[in-house]
Protein chains: 2
Amino acid sequence: MPTPRERVTIIDVAREAGVAISSASTALNGQPGVSESTRDRVRSVASALGYVPSARGRALSAKRAYSVGLVVERDFDILESDPFFGAFIGGIEEYIAPRGYVLALQITQDSTLTVDRHLALARSRRVDGVFLNEIKADDARVAELAELGFPAVGINPAVGDFPFPAVRQSGTEAIHELVRTLAELDHRRIAHVSGPPHYVHSLERISAWREAMEAVGLQAEDTVNGGFTSDGGRRAADVLMTGERRPTAVFCANDLSAIGFMNRAIELGFRVPEDVSVAGFDGINFGEHVRPTLSTVRTAPRHLGREAARLLLSAIDGDEAADSTIAPARLVLRDSVARLR
Amino acid sequence: MPTPRERVTIIDVAREAGVAISSASTALNGQPGVSESTRDRVRSVASALGYVPSARGRALSAKRAYSVGLVVERDFDILESDPFFGAFIGGIEEYIAPRGYVLALQITQDSTLTVDRHLALARSRRVDGVFLNEIKADDARVAELAELGFPAVGINPAVGDFPFPAVRQSGTEAIHELVRTLAELDHRRIAHVSGPPHYVHSLERISAWREAMEAVGLQAEDTVNGGFTSDGGRRAADVLMTGERRPTAVFCANDLSAIGFMNRAIELGFRVPEDVSVAGFDGINFGEHVRPTLSTVRTAPRHLGREAARLLLSAIDGDEAADSTIAPARLVLRDSVARLR
DNA sequence: GACCCGAACCGAAACGTTTCTGTTCTTTCG
DNA sequence: CGAAAGAACAGAAACGTTTCGGTTCGGGTC
């Protein structure tokens, strides 16, 4: 192990340049109040000494951590195949990195921990703001953070009064289009494999499916919780495909469960899409790599992340930014959906 | 937007409890030098006031940021389907979270930026240590960070002198076993779809394949760079399957490229595994969801992350920890590999 | 009874910035 | 020529902790 060297601080720079610390700071930060000649001198001394400001000192002084927090509640093992995660973070990074912010990422396994982590990040002022993702009905984080007056931004929160700025992408239109398309392909029994019902986005997809079914004059009856996992999708296939009222088409609340459903249905001896059409939601890349390729509703997690980061940073700056609504998710038809025969 | 409230600091706690700041600190941190009665009093005052120590103040004073850095160099769009990423981070979290550390995650698009980010994190002391992942031959980060004397830990660095502690999982044995298995299944032309050759782990897989081929008396000739992406795997299929010396089995350097290869081969009219056997590397969950299910070499990214975090934190504490070697990756045979016919 | 020792506690420095308030000196204008 | 104004810089406080060195006080030892 190498041994750490002495850090060079702004004090060293000031001493070496023969100015006061305050002048060195002023010069380096490009603020007025110092002559061009001294500014140049300070700058060259700083770079000669290899001076890099301490994030710690700056954070304390500026009352800013220059970082934002994201807590993902996911089983460690499921995390690997999680679709939303990577692209969403990519979008966040894209926005915050050029602005000198860093993402503090935490993973938790259960939901009480999730709340605790958010509050710990906020109260200790480790971060300047947090993302509220995968919001639940009656989410404890929301009230607590609002009470703290801590900057936050919601990703697809329920409509209604939400105390923070929010970024939304609607999937409703695409779900309607999917159901309409299936109906036009002669499907009558269209089941839904839902996500865990405590999530706001699960509920929204369920009710979008319900409304869409009614809109084409079909009965929305069969829904099974697929838990957003491929195993859940497999179990749903067991239930639905061996049950009395076997569906001819299935809309799954995410791609993972759709892939699970599809594979299990095939194992059970059904052909996709000849015997049963399957569609997912999210638009993960892997949907193109399974066979048949997966029809889906493609969302834009990266864009969502970028917008969420934009809103969060402006909330941190105390700006009143309007909610952001990005273009609705789009239906992507692939081989897993076909006319009923 | 809610308005922030006044923060309660240790000064408030001390005043309210009628002790000096230093005593309050001592009491709260459970250190000796304060009577049990005052300790209790300070503690109850602190909790009554809702005191939470400021991470910023503590960081400055303790010369510790209590965070570690991970920079992932990945295209924003590829990130989504990245296998290693999620599980590795899960492993890191698992170790650092209970110890009060937070992960600072950055994503970059190109490799000069990657180096810059590492150095910026280190020099500004935003983090206390960094993970060196996906190390390249002659990786610029290594020398620079070593020069700084900054704590770091290498994930599967090249053997030889590496200035930091390292955690390793070997895939060599499993690659040997794979090639041996393929040879026993009568395959003679076993090609390799490699990763980008500037990565240490690409090179290691290439030479493991080479050695394994020689060990069973076969010629290691055909290798195509699949770039660790599914598109790269598809292009490799185009090259190999339509070329003169068509292989009967292919070992791909990761599962993503293996899936791409497999799908493209099928598109080209070949049957897997009847016409060509395919195996990947990594052991991502999706390998079980494609058809035929993918044979692979299963690594343990979560375990790797956990061990890397352990080494990094002990390096930060100045402890001299021995390198960590976790159990070798294991061959997992699934439907994509079969006897040549 | 003088002395010492340790427990309990306090004050202040230190961590490395930024920023506010002064101070000095030059310049300009009446 | 004197006063006012402004530019350039300096000093110190503030951010919120931890820790080091000191002080006080009570009790035990000889």
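Just so we're clear, the structure is a prediction, and the values are computed from it rather than from any experiment.

Q: Just checking my understanding: could you explain the overall build of chain A for this structure?
A: Each helix and strand counted, chain A has 13 helices and twelve strands in total. With respect to the principal axes defined by its C-alpha atoms, chain A has extents near 85 × 45 × 35 Å. Within chain A, buried positions represent 57% of all 341 residues. Counting contacts in chain A only where the partners sit at least 6 residues apart, residues at least 24 apart contribute 69% of the total. When the accessible surface of chain A is summed, it comes to about 14100 Å², and 48% of that surface belongs to carbon and sulfur atoms. Side chains of chain A carry 39 positive and 45 negative charges; the gap between the two charge centres is 4 Å.

Q: Just checking my understanding: could you explain the pattern of salt bridges for this structure?
A: Should the charged atoms of two oppositely charged side chains come close, the side chains can pair. All names here are of chain B. Across all of its chains, the model carries 36 salt bridges over all chains by this definition. Where Arg 39 meets Glu 36, a salt bridge forms, and the shortest distance between an N and an O atom there is 3.4 Å. Here the residue Arg 39 and the residue Glu 36 both occupy positions in helix H3 (residues 36–49), the gap between them amounting to three residues, near one helical turn. For Arg 39, a relative accessible area of 7% gives the class buried. For Lys 136, the salt bridge is made with Glu 73, and the minimal N-O distance between the two is 3.2 Å. On the criterion of sequence distance, the pair formed by Lys 136 in the loop between strand S3 (129–132) and helix H8 (140–148) and Glu 73 in strand S1 (residues 67–73) is long-range, its members being 63 residues apart.

Q: Explanation requested: the relation of the copies chain B and chain A in the structure shown.
A: Two copies of one chain are present, and they are related through a rotation about an axis combined with an axial shift. The transformation that overlays chain B on chain A combines an axial shift of 0.0 Å with a rotation of 180°, and the residual RMSD is 0.1 Å. Both copies of the chain, as the preceding transformation shows, are related through a two-fold rotation axis. The C-alpha atom lying nearest the rotation axis in chain B is that of Ala 104 of chain B; the distance is 2.3 Å. Most of the interface of chain B is mirrored in chain A: 100% of its interface residues are interface residues there too.

Q: Would you take a moment to explain the pairing of strand S5 (residues 166–169) of chain A for this structure?
A: If a strand is regular, its side chains alternate between the two faces of the sheet. Residue and element names in this part refer to chain A. Neither face of S5 is left uncovered, since the one carrying Ala 166 and Arg 168 and the one carrying Val 167 and Gln 169 both have all their residues buried. Judged from the three bridges that link them, S5 and strand S11 (residues 324–326) form a sheet pairing that is parallel. Looking across to S11, one finds that Gln 169 is bridged to Ile 326.

Q: Can you help me understand the UniProt feature "domain: HTH lacI-type" (unreviewed entry) in chain A in this one?
A: If you check UniProt for "domain: HTH lacI-type" (unreviewed entry), the listed places come out as residues 8–62 of chain A in our numbering. Measuring from the first to the last C-alpha atom of residues 8–62 of chain A gives 20 Å, for a span that is 69% helix and 0% strand.

Q: How do you make sense of the nonpolar core when you look at a structure like this?
A: With 52 residues, the main nonpolar core has Phe 131 of chain A together with Phe 131 of chain B as its most contacted residues. Discounting chain neighbours no more than four positions away, the residues touching Phe 131 of chain B are Val 68, Gly 69, Leu 70, Phe 88, Ile 92, Leu 103, His 118, Val 153, Ile 155, Ala 308, Ala 309 and Leu 312 of chain B. Ranked by size, the runner-up nonpolar core spans 46 residues in total, among them Val 224, Ala 258, Met 262 and Val 272 of chain B.

Q: Explain the sheet that holds strand S9 (residues 277–279) of chain B to me, please; I cannot follow it from the model alone.
A: Strand pairing within a sheet occurs via backbone hydrogen bonds; the two strands may be parallel or antiparallel. Residue and element names in this part refer to chain B. Spatially, the four strands line up as an open sheet ordered S7-S6-S8-S9, and their pairing is parallel. Two strands lie at the open edges of the sheet, namely strand S7 (223–225) and S9, each paired on one side alone. This sheet shows a mean twist of 20° between the axes of neighbouring strands, independent of strand direction. Where strand S6 (residues 190–194) and S7 come together, three bridges link them in parallel fashion. Within the sheet, the bridge partner assigned to Ser 194 lies in S7 and is Asn 225. Here helix H10 (residues 200–215) sits on the sheet in contact with S6, S7 and strand S8 (249–252), set at roughly 170° to S6.

Q: Just checking my understanding: could you explain the domain arrangement of chain A for this structure?
A: The parts lose accessible area when they come together, and the size of an interface is often stated as this lost area. All names here are of chain A. Assigned domains within chain A: domain 1 (10–53), domain 2 (67–169 + 301–327) and domain 3 (172–299). On a C-alpha basis, the centroid separation for the pair domain 2 and domain 3 is 28 Å. Every contact between the two is made by 14 residues of domain 2 and, on the other side, ten residues of domain 3. At the boundary of domain 2 with domain 3, the tally comes to zero salt bridges. Counting the contacts that link domain 2 with domain 3 gives two residue pairs in polar contact (both at pLDDT 80 or more). The residue makeup of the side of domain 2 that touches domain 3, split by class, is eight nonpolar, three polar and three charged.

Q: What's the story with the sheet that holds strand S9 (residues 277–279) of chain A in this structure? I'm lost.
A: Residue and element names in this part refer to chain A. Across the sheet, which stays open at both edges, the four strands sit in the order S7-S6-S8-S9 with parallel pairing between neighbours. Every other strand in the sheet has two partners, leaving strand S7 (223–225) and S9 as the edge strands with one partner each. Within this sheet the neighbouring strands show an average axis-to-axis angle of 20°, counted without direction.

Q: It is not clear to me how the environment of Gly 86 of chain A should be interpreted in this structure. Could you clarify?
A: For Gly 86 of chain A, the location among the structural elements is in helix H6 (residues 83–96). Taking the C-alpha atoms as reference points, Gly 86 of chain A and Ala 315 of chain A, 229 residues apart in sequence, are found 24 Å from one another.

Q: Is there a simple way to think about helix H12 (residues 255–267) of chain B in this case?
A: Side chains that are three or four residues apart share a direction in an α-helix, a result of its 3.6 residues per turn. All names here are of chain B. Its 13 residues give H12 an end-to-end C-alpha distance of 18 Å, which sits within 8% of 18 Å, the value for a rise of 1.5 Å per residue. Counting buried positions along H12 yields ten of 13 residues, so the element is predominantly enclosed. Of all the positions in H12, only Asp 255, Leu 256, Ser 257, Ala 258, Ile 259, Gly 260, Phe 261, Met 262, Asn 263 and Ala 265 are classed as buried. In this structure, the buried side of H12 is in contact with S6, helix H11 (230–241), S8, S9 and strand S10 (296–298). One or two positions beyond H12, positive phi appears at Gly 269, with a value near 100°.

Q: Would you explain the packing of aromatic side chains in this entry?
A: Two measures describe an aromatic ring pair: the distance that separates the ring centres and the angle between the ring planes. Considering all chains together, one arrives at eleven aromatic pairs over all chains under this definition. Both rings, one in Phe 286 of chain A and one in Phe 286 of chain B, keep their centres 3.8 Å apart while their planes meet at 5°; by these two values the pair is stacked. Of this pair, Phe 286 of chain A sits in the loop between S9 and strand S10 (296–298) while Phe 286 of chain B is found in the loop between S9 and S10, placing the two residues in two different chains. Against the face of Tyr 95 of chain A rests Arg 99 of chain A, its NZ or CZ located 3.7 Å from the ring centre.

Q: Would you take a moment to explain the protein's contact with DNA strand C for this structure?
A: Neighbouring DNA strand C are 28 residues, the closest being Ile 10, Ser 25 and Ser 61 of chain A together with Ala 20 and Thr 38 of chain B. Per the 4 Å cut-off to the protein, sugar and phosphate atoms form 60% of the nearby atoms of DNA strand C. Tyr 51 of chain A is positioned such that a nitrogen or oxygen atom in its side chain is 3.0 Å from a sugar or linking oxygen of DNA strand C. Here Ser 61 of chain B contributes a backbone N or O atom positioned 3.3 Å from a base oxygen of DNA strand C. Counting only elements with at least two residues in the surface near DNA strand C, the list comes to helix H2 (21–28) and helix H4 (55–62) of chain A together with helix H2 (21–28) and helix H4 (55–62) of chain B. By residue number, the principal contributor to the surface near DNA strand C is H4 of chain A, which donates four residues. When grouped by side-chain class, the residues that make up the surface near DNA strand C number ten nonpolar, 15 polar and three charged.

Q: Hey, could you run me through the interface of chain B and chain A in this one?
A: In this complex, chain B contributes 70 residues to the contact, which on the side of chain A involves 71 residues. Approximately 6200 Å² of surface area, both sides summed, lies buried where chain B meets chain A, with 56% of it carried by carbon and sulfur atoms. Where chain B touches chain A, the interface holds four salt bridges. A salt bridge links Glu 93 of chain A to Arg 117 of chain B; its shortest N-O distance comes to 3.9 Å. The tally of links from chain B across to chain A stands at 23 residue pairs in polar contact (both at pLDDT 80 or more). Elements that contribute at least two residues to the side of chain B that touches chain A include exactly H4, helix H5 (76–79), helix H6 (83–96), strand S2 (102–108), helix H7 (111–123), H8 and H12 of chain B. At eight residues, the largest contribution of residues to the side of chain B that touches chain A is made by H6 of chain B. Where strand S2 (residues 102–108) of chain A meets S2 of chain B, three bridges bridge the pair, whose relative direction is antiparallel. Across the sheet, the residue bridging to Leu 103 of chain A is Leu 105 of chain B, located in S2 of chain B.

Parameters and conventions
- Residues numbered from 1 in each chain as written.
- Chains lettered and ligands numbered in written order.
- Predicted model: local features only at pLDDT ≥ 70, side-chain atom pairs only at ≥ 80, totals over all residues.
- Heavy atoms only, no water.
- Helix = DSSP H or I, 4+ residues; strand = E, 2+ residues; numbered from the N terminus.
- Buried < 20%, exposed > 50% of the residue type's maximum accessible area, 1.4 Å probe, protein only.
- Contact = heavy atoms within 4.5 Å.
- Areas by Shrake-Rupley, 256 points an atom, 1.4 Å probe, with all protein chains shown as cover.
- Lys, Arg positive; Asp, Glu negative; His and termini not counted.
- Charge placed at Lys NZ, Arg CZ, Asp CG, Glu CD.
- Salt bridge = Lys/Arg side-chain N within 4 Å of Asp/Glu carboxyl O.
- Least-squares fit on C-alpha atoms with pLDDT ≥ 70 in both.
- Pairing = 2+ DSSP bridges.
- UniProt positions renumbered as here; feature names shortened; annotations may be inferred.
- Core = buried A, V, L, I, M, F, W, Y, C linked by side-chain atoms within 4.5 Å.
- Axes fitted to C-alpha atoms, helices over the stretch in contact; angles between N-to-C directions.
- Domains from an automatic or database assignment.
- Polar contact = N/O pair within 3.5 Å; in protein donor to acceptor, adjacent residues only side chain to side chain.
- Nonpolar A, V, L, I, M, F, W, Y, C, P; charged D, E, K, R; others polar.
- Expected span 1.5 Å × (residues − 1).
- Phe/Tyr/Trp six-rings, centres within 6.5 Å; stacked < 30°, edge-to-face > 60°.
- Lys NZ or Arg CZ within 6 Å of the ring centre and 35° of its normal.
- Near = heavy atom within 4 Å.
- Buried area = accessible area lost by both parts, 1.4 Å probe.

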